[in-house]
Amino acid sequence: MNCIETDFAVVGSGLAGLLSALHLAEHGRVLVVTKRELADCNTAWAQGGVACVVDPEDSFDAHVADTLDAGGGLCDAQVVRDIIAAGPARIRELEQFGLRFMRSADDGESYDLGKEGGHSHRRVLHCDDMTGREIERVLIERVMAHPNITVRVHCIVIDLITTSWLTQREPVAVEANRCVGFYARDAVAGGIFAVNASCTVLATGGGGKVYLYTSNPDVATGDGVAIAWRAGVPIRNMEFIQFHPTTLYHPVAKSFLISEAVRGEGGVIVDADGTPIAEKYDERGSLAPRDIVARAIDSEMKAGGAPCMYLDIRHKSFQFISRRFPNIYTICLKFGIDMARDLVPIVPSAHYFCGGIEAGTDGSTALPGLFACGEVACTGLHGANRLASNSLLEALVCSHATASAIAAASPGRDKDPVRIPDWEVHAAVPSDEIVVIEHNWNEVRTCMWDYVGIVRSNKRLERAARRLHNLRAEIRQYYLDYLVTPDILELRNIADVADLIIRSAMMRRESRGLHYTLDHPSADESCLRDTTIRDPAGGQIR
Ligand code: SIN
């Protein structure tokens, strides 16, 4: 079996992955492994932008207060302050890389700052409505040109390799348990290879695909959370799944996101008659934080039996809408909706994981040698509900801090000499019933949407837990019986992540932020703590 030796391995190719790779490449050889092409990631789909204090009228304190307010009491205030204060320097770095944020039409110089739900100021830097795509373009260009970075596309990580697992097989003296790399499958060449790295950075993004309806791309299957959990790393606050209030409701649109920035520019959520609905739920109306707006839409749809609600921005001119939202305008038009003349049908869908691998702002996790940054990590910035556009900010700041922390520790390649064994197929054979994968994939996602969605209850969670128990047993058997393929690996990951979400939701016996349950409809201060799940037997491979 092929074993790739490298100094640093980065899994994932969104903003967090590519930026940490670029910084690490100043200190050694970096291998970037990604599941599809480099730009197939959540970052590339980010429309809104990067929340950052750059306007003299704005302040760090105001941004901190808005973040804490949205976070429902569960943000780590120090982490919030640190990340927000570090933002402007990272924005300058992106600009040095060649990114141009949109400037005001008035003077062409000052930033054109967007406004989104829960923000007390305009503070979202953006590149039209395609901020993530632009960030990816600029970073990919640099990564591909860097002599210290090697990229392996179409490769999916199977499991992390730890020294504790290695020493069970072949006793050798190692100082303490640490991550020394991973096994991955190459979807094009077909084989399984190992990577041996002194540090592995997980930057695999979120897992919207755990739900039937999501604003995320197909790659968002929660891989990093699942593989870290299987390695015994603590996973935090998985009950806090952010549902974006406005994804396009259209039979073939595949939940295309209608950015919150549209509401920031005056868009209003209305019913089919054009009556605003959000004011009934919060005085901030359509620009209240996302948990409130998504629940308002869900509740109106359920009460009236409507298949969707609508976004109304018809009071703005065609010129304004098509200049500010060129991509959204064009895509809607493709589906026969002219935003300047028509109501835009919308529904909420799974958008962002506020929880994830328990990690510091410097990416450190409980497993030495393993780092996590971006959406896959839970640093304490988002608490129980993320403030809009704080995610790209977190990815920017924490990927830089992660690379700096790794470089400062300079662990050295020869510290724990390990021999990575070949991947063992045991008795696995090629599958003769691939239909099981698609069936279980749909079942997990439907079950999560129906029972672990925007409004939960004890009964729904118990039902989901029973289903997931059976599904995971079946998926595990399939994984052991047949040669691994990308599809079974993704299915195994979404099922593990679904189980973590259900278990975390069952542990939280109150409603807070994004977790709302009919059985405990209010927040309870005695429950004001993070939910942490860890598999004490983790670290085994197969
Ligand atoms: C949006 O543009 O509405 C998404 C931004 C975000 O999720 O922060």
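Residues numbered from 1 in each chain as written. Predicted model: local features only at pLDDT ≥ 70, side-chain atom pairs only at ≥ 80, totals over all residues. Heavy atoms only, no water.

K.L.:
It is not clear to me how the layout of surface pockets should be interpreted in this structure. Could you clarify?
P.N.:
A probe as big as a water molecule, rolled over the atoms, marks out the empty space that is left. As a volume, the second largest pocket reaches approximately 570 Å³. If you go around the second largest pocket, you meet 26 residues; those closest to its centre are Leu212, Tyr213, Val347, Pro348 and Trp449. Its residues assigned to classes, the lining of the second largest pocket shows 13 nonpolar, five polar and eight charged. (1 Å grid on protein atoms, 1.4 Å probe; cavity = no way out; pocket = protein on both sides within 12 Å on 5 of 7 lines; lining within 4 Å. Points joined across faces, edges and corners; volume = space filled by probe spheres on them. Nonpolar A, V, L, I, M, F, W, Y, C, P; charged D, E, K, R; others polar.)

K.L.:
Honestly, the nonpolar core in this entry has me stumped. Any pointers?
P.N.:
Soluble, globular proteins show a tendency: their nonpolar side chains are buried together. In this structure, Phe182, Tyr183, Val210, Tyr211, Met448, Val452 and Ile501 are the most contacted members of the largest nonpolar core, which totals 81 residues. The dominant element in this core, judged by the number of residues it contributes, is helix α15 (residues 486-507), at eleven residues. Ignoring anything within four residues of it in the chain, the contact list for Val452 reads Tyr211, Phe243, Cys447, Leu461, Ala464, Ile501 and Ile502. Counting 50 residues, the second largest nonpolar core, distinct from the first, contains Ala16, Phe101, Cys127 and Cys199. (Core = buried A, V, L, I, M, F, W, Y, C linked by side-chain atoms within 4.5 Å. Buried < 20%, exposed > 50% of the residue type's maximum accessible area, 1.4 Å probe, protein only. Helix = DSSP H or I, 4+ residues; strand = E, 2+ residues; numbered from the N terminus. Contact = heavy atoms within 4.5 Å.)

K.L.:
Help me out: how do you make sense of the packing of helix α7 (residues 223-230) against α15 in this one?
P.N.:
Describing two packed helices takes the angle between their axes plus the distance from one axis to the other. With their axes 8 Å apart at the nearest point, α7 and α15 run at an angle of 80 degrees to one another. The angle between α7 and α15 places the two elements in the roughly perpendicular class. Residues Asp223, Val225, Ala226, Ile227, Trp229 and Arg230 of α7 form the contact with α15, whose own contacting residues are Arg492, Asn493, Asp496, Val497, Leu500 and Arg503. (Axes fitted to C-alpha atoms, helices over the stretch in contact; angles between N-to-C directions. Parallel < 35°, antiparallel > 145°, perpendicular 65-115°, else oblique.)

K.L.:
Any chance you could explain unusual backbone geometry here in plain terms?
P.N.:
Glycine aside, negative phi is the norm for most residues, and most peptide bonds take the trans geometry. Even without glycine at this site, Asp128 takes up a positive phi of about 45 degrees. Turning to its location among the elements, Asp128 is positioned in the loop between β4 (124-125) and α5 (131-145). Of note in this structure, Asn237 is not a glycine but carries a positive phi near 55 degrees. Tracing the chain through its elements places Asn237 in the loop between β9 (235-236) and β10 (241-248). According to the relative accessible area criterion, Asn237 is buried, its value standing at 2%.

K.L.:
In this structure, what is going on with the site of the ligand? I would like to understand it.
P.N.:
Near the ligand you find Gln47, Gly48, His244, Leu257, Ser259, Glu260, Arg290, His351, Arg386, Ala388 and Ser389, and these make up its full shell. Taking Glu260, its main chain carries an N or O atom lying 2.6 Å from an oxygen atom of the ligand. When the ligand is considered free in solution it has 260 Å² of accessible area, and contact with the protein chains removes 95% of it. Within the shell around the ligand, the residues separate by chemical class into two nonpolar, six polar and three charged. (Near = heavy atom within 4 Å. Polar contact = N/O pair within 3.5 Å; in protein donor to acceptor, adjacent residues only side chain to side chain. Areas by Shrake-Rupley, 256 points an atom, 1.4 Å probe, with all protein chains shown as cover.)

K.L.:
Explain the pairing of strand β8 (residues 192-202) to me, please; I cannot follow it from the model alone.
P.N.:
Within a regular strand, side chains alternate between the sheet's two faces. Most of β8 is tucked away: eleven of the eleven residues are buried. Across eight bridges, the pairing between strand β1 (residues 3-11) and β8 is parallel. Bridge pairing in β8 places Cys3 opposite Ala194. Pairing between strand β7 (residues 179-186) and β8: five bridges, direction antiparallel. Opposite Gly181, over in β8, you have Asn196 as the bridge partner. (Pairing = 2+ DSSP bridges.)

K.L.:
Just to check I follow, could you spell out empty space enclosed by the protein for this structure?
P.N.:
Going through the model one piece at a time under the given rule, you end up with three cavities of 30 Å³ or more. Those elements that place two or more of their residues in the lining of the largest cavity are β10 and α9 (290-304). It is α9 that contributes the most residues to the lining of the largest cavity, four residues altogether. Size it by volume and the second largest cavity reaches roughly 40 Å³. Asn458, Leu461, Ala505, Met506, Arg508, Arg509, His515, Thr517 and His520 are the residues that line the second largest cavity. Listing elements by their share of the lining of the second largest cavity, those giving two or more residues are α14 (458-481) and α15.

K.L.:
Quick question: what am I supposed to make of the packing of helix α13 (residues 435-451) against α15 here?
P.N.:
Contact pair α13 / α15: the axes reach a minimum separation of 10 Å and the direction vectors enclose 25 degrees. With respect to their mutual orientation, α13 and α15 come out roughly parallel. Regarding α13 and α15, the two cross each other, and that crossing is left-handed. Facing α13, whose interface residues are Ile437, Asn440, Trp441, Val444, Arg445 and Met448, α15 presents Asp487, Ile488, Glu490, Leu491, Ile494, Ala495, Ala498, Ile501 and Ile502. Considered class by class, the residues forming the contact of α13 with α15 number eleven nonpolar, one polar and three charged. (Left-handed = near helix turned anticlockwise from the far one by under 90°.)

K.L.:
Hey, could you run me through the sheet that holds β10 in this one?
P.N.:
Within a sheet, each strand pairs with its neighbour through backbone hydrogen bonds, oriented either parallel or antiparallel. The strand order across the open sheet formed by four strands is β10-β13-β12-β11, and the pairing between neighbours is antiparallel. Edge positions in the sheet fall to β10 and β11 (268-270), since each has one partner strand and no second. The sheet shows a mean angle of 45 degrees between the axes of neighbouring strands, direction not considered. In this sheet, strand β12 (residues 309-312) lies alongside β11 in antiparallel orientation, the contact comprising three bridges. Across the sheet, residue Val268 finds its bridge partner in β12, namely Asp312.

K.L.:
In this structure, what is going on with the packing of aromatic side chains? I would like to understand it.
P.N.:
We describe a pair of aromatic rings using the distance from one ring centre to the other and the angle between the two ring planes. Summed over all chains, the structure comprises nine aromatic pairs. Taken together, a centroid distance of 5.1 Å and an interplanar angle of 65 degrees make the contact between Tyr183 and Trp423 edge-to-face. Of the two residues, Tyr183 is situated in strand β7 and Trp423 in the loop between α12 (390-409) and α13; the sequence distance between them amounts to 240 residues. Exposure remark for Tyr183: the relative accessible area of 1% places this residue in the buried category. A ring pair is formed by Phe318 and Tyr329, whose centres lie 5.5 Å apart and whose planes are at 65 degrees; its orientation type is edge-to-face. Residue Phe318 is found in helix α10 (residues 318-324), and its partner Tyr329 is found in helix α11 (residues 326-334); the two are separated by eleven residues along the sequence. (Phe/Tyr/Trp six-rings, centres within 6.5 Å; stacked < 30°, edge-to-face > 60°.)

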